[in-house]
Amino acid sequence: VPGVSPGYNDTKIRPWNNANTRPRSRGKYFRDSWEAAAKLSDLQAVSITSWNEWGEGTQIEEVVSRVGYQEYEEGPTMYIDIS
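Just so you know, these numbers come straight off a predicted model, no measurement behind them.

Trainee: Describe the overall build of the protein chain, naming the residues involved and giving the relevant values.
Mentor: Helix and strand counts for the protein chain stand at 2 helices and 2 strands. When its C-alpha atoms are laid out on the principal axes, the protein chain stretches across 45 × 30 × 20 Å. Classification of the 83 residues of the protein chain by burial places 28% in the buried group. Long-range pairs, those at least 24 residues apart, make up 55% of the contacts in the protein chain between residues at least 6 apart in sequence. Carbon and sulfur atoms form 50% of the exposed surface of the protein chain, whose accessible area is close to 5800 Å². For the protein chain, the separation between the mean place of its 9 positive charges and that of its 12 negative charges on side chains is 5 Å.

Written out as C-alpha coordinates, the structure is:
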(Lines give C-alpha, C1' and ligand atoms only; values in the text may rest on other atoms or scores of the structure.)
Protein backbone atom coordinates (compact mmCIF):
# COMPACT_ATOMS: atom_id res chain seq x y z
CA VAL A 1 0.00 0.00 0.00
CA PRO A 2 1.60 3.30 -1.03
CA GLY A 3 1.69 6.14 1.44
CA VAL A 4 1.11 9.82 0.79
CA SER A 5 2.13 12.66 3.07
CA PRO A 6 1.67 16.43 3.16
CA GLY A 7 5.29 16.85 4.27
CA TYR A 8 7.22 16.66 7.51
CA ASN A 9 9.22 19.13 9.57
CA ASP A 10 9.76 18.67 13.27
CA THR A 11 12.85 20.86 13.62
CA LYS A 12 11.08 23.22 16.04
CA ILE A 13 10.72 20.23 18.37
CA ARG A 14 13.83 18.25 17.35
CA PRO A 15 16.37 20.70 15.86
CA TRP A 16 18.80 17.85 15.12
CA ASN A 17 16.32 16.04 12.85
CA ASN A 18 16.58 18.21 9.72
CA ALA A 19 17.62 15.24 7.55
CA ASN A 20 14.06 13.90 7.74
CA THR A 21 12.39 17.17 6.69
CA ARG A 22 10.09 16.98 3.67
CA PRO A 23 8.97 20.49 2.64
CA ARG A 24 5.24 20.90 2.10
CA SER A 25 5.98 23.26 -0.81
CA ARG A 26 2.50 24.82 -0.75
CA GLY A 27 0.84 21.43 -1.31
CA LYS A 28 3.18 20.23 -4.06
CA TYR A 29 4.69 17.43 -1.96
CA PHE A 30 1.20 16.07 -1.16
CA ARG A 31 0.01 16.36 -4.77
CA ASP A 32 3.18 14.66 -6.04
CA SER A 33 2.69 11.84 -3.53
CA TRP A 34 -0.88 11.28 -4.76
CA GLU A 35 0.19 11.39 -8.42
CA ALA A 36 2.93 8.80 -7.81
CA ALA A 37 0.48 6.51 -5.99
CA ALA A 38 -2.13 6.87 -8.75
CA LYS A 39 0.37 5.59 -11.35
CA LEU A 40 0.50 2.14 -9.74
CA SER A 41 -1.41 -0.31 -11.93
CA ASP A 42 -2.64 -2.46 -9.05
CA LEU A 43 -3.64 0.39 -6.71
CA GLN A 44 -6.36 -0.68 -4.29
CA ALA A 45 -5.68 1.52 -1.28
CA VAL A 46 -3.57 4.50 -0.21
CA SER A 47 -2.30 5.23 3.29
CA ILE A 48 -2.38 8.91 4.24
CA THR A 49 0.53 9.51 6.59
CA SER A 50 -0.78 12.32 8.74
CA TRP A 51 -1.35 12.54 12.44
CA ASN A 52 -2.71 16.08 12.24
CA GLU A 53 0.42 16.97 14.13
CA TRP A 54 1.04 20.68 13.70
CA GLY A 55 4.38 20.45 15.51
CA GLU A 56 5.66 18.05 12.84
CA GLY A 57 3.98 19.66 9.86
CA THR A 58 1.94 16.58 8.93
CA GLN A 59 -1.51 18.04 9.44
CA ILE A 60 -4.14 17.98 6.70
CA GLU A 61 -7.15 18.95 8.78
CA GLU A 62 -9.17 22.08 8.12
CA VAL A 63 -7.58 25.22 9.55
CA VAL A 64 -9.15 28.12 11.39
CA SER A 65 -7.55 31.48 10.69
CA ARG A 66 -5.86 32.83 13.82
CA VAL A 67 -3.00 35.23 14.34
CA GLY A 68 0.26 33.35 14.78
CA TYR A 69 -0.97 30.08 13.30
CA GLN A 70 -0.10 28.52 9.97
CA GLU A 71 -2.67 28.92 7.20
CA TYR A 72 -2.96 27.08 3.90
CA GLU A 73 -2.37 29.01 0.71
CA GLU A 74 -5.47 27.69 -1.08
CA GLY A 75 -7.97 27.96 1.76
CA PRO A 76 -8.83 26.17 5.01
CA THR A 77 -9.62 22.78 3.42
CA MET A 78 -6.71 22.74 0.95
CA TYR A 79 -5.23 19.36 1.98
CA ILE A 80 -8.59 17.68 2.39
CA ASP A 81 -9.51 18.91 -1.10
CA ILE A 82 -6.26 17.48 -2.53
CA SER A 83 -7.12 14.13 -0.92
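Trainee: Before we move on, can you summarise the pattern of salt bridges with the specific residues and values?
Mentor: Taken as a whole and judged by the stated rule, the model has 4 salt bridges. R14 is paired through a salt bridge with E56; the nearest N and O atoms lie 3.3 Å apart. With R14 in the loop between β1 (3-4) and α1 (28-38) and E56 in the loop between β2 (47-48) and α2 (78-82), this residue pair connects regions lying 42 residues apart in the sequence. Here K28 ties to D32 by a salt bridge, and the two come within 2.6 Å at their closest N and O atoms. Of this pair, K28 and D32 both sit in helix α1, 4 residues apart, which is roughly one turn of the helix. According to the relative accessible area criterion, D32 is partly exposed, its value standing at 34%.

Reading the values: rules and limits
- Residues numbered from 1 in each chain as written.
- Predicted model: local features only at pLDDT ≥ 70, side-chain atom pairs only at ≥ 80, totals over all residues.
- Heavy atoms only, no water.
- Helix = DSSP H or I, 4+ residues; strand = E, 2+ residues; numbered from the N terminus.
- Buried < 20%, exposed > 50% of the residue type's maximum accessible area, 1.4 Å probe, protein only.
- Contact = heavy atoms within 4.5 Å.
- Areas by Shrake-Rupley, 256 points an atom, 1.4 Å probe, with all protein chains shown as cover.
- Lys, Arg positive; Asp, Glu negative; His and termini not counted.
- Charge placed at Lys NZ, Arg CZ, Asp CG, Glu CD.
- Salt bridge = Lys/Arg side-chain N within 4 Å of Asp/Glu carboxyl O.

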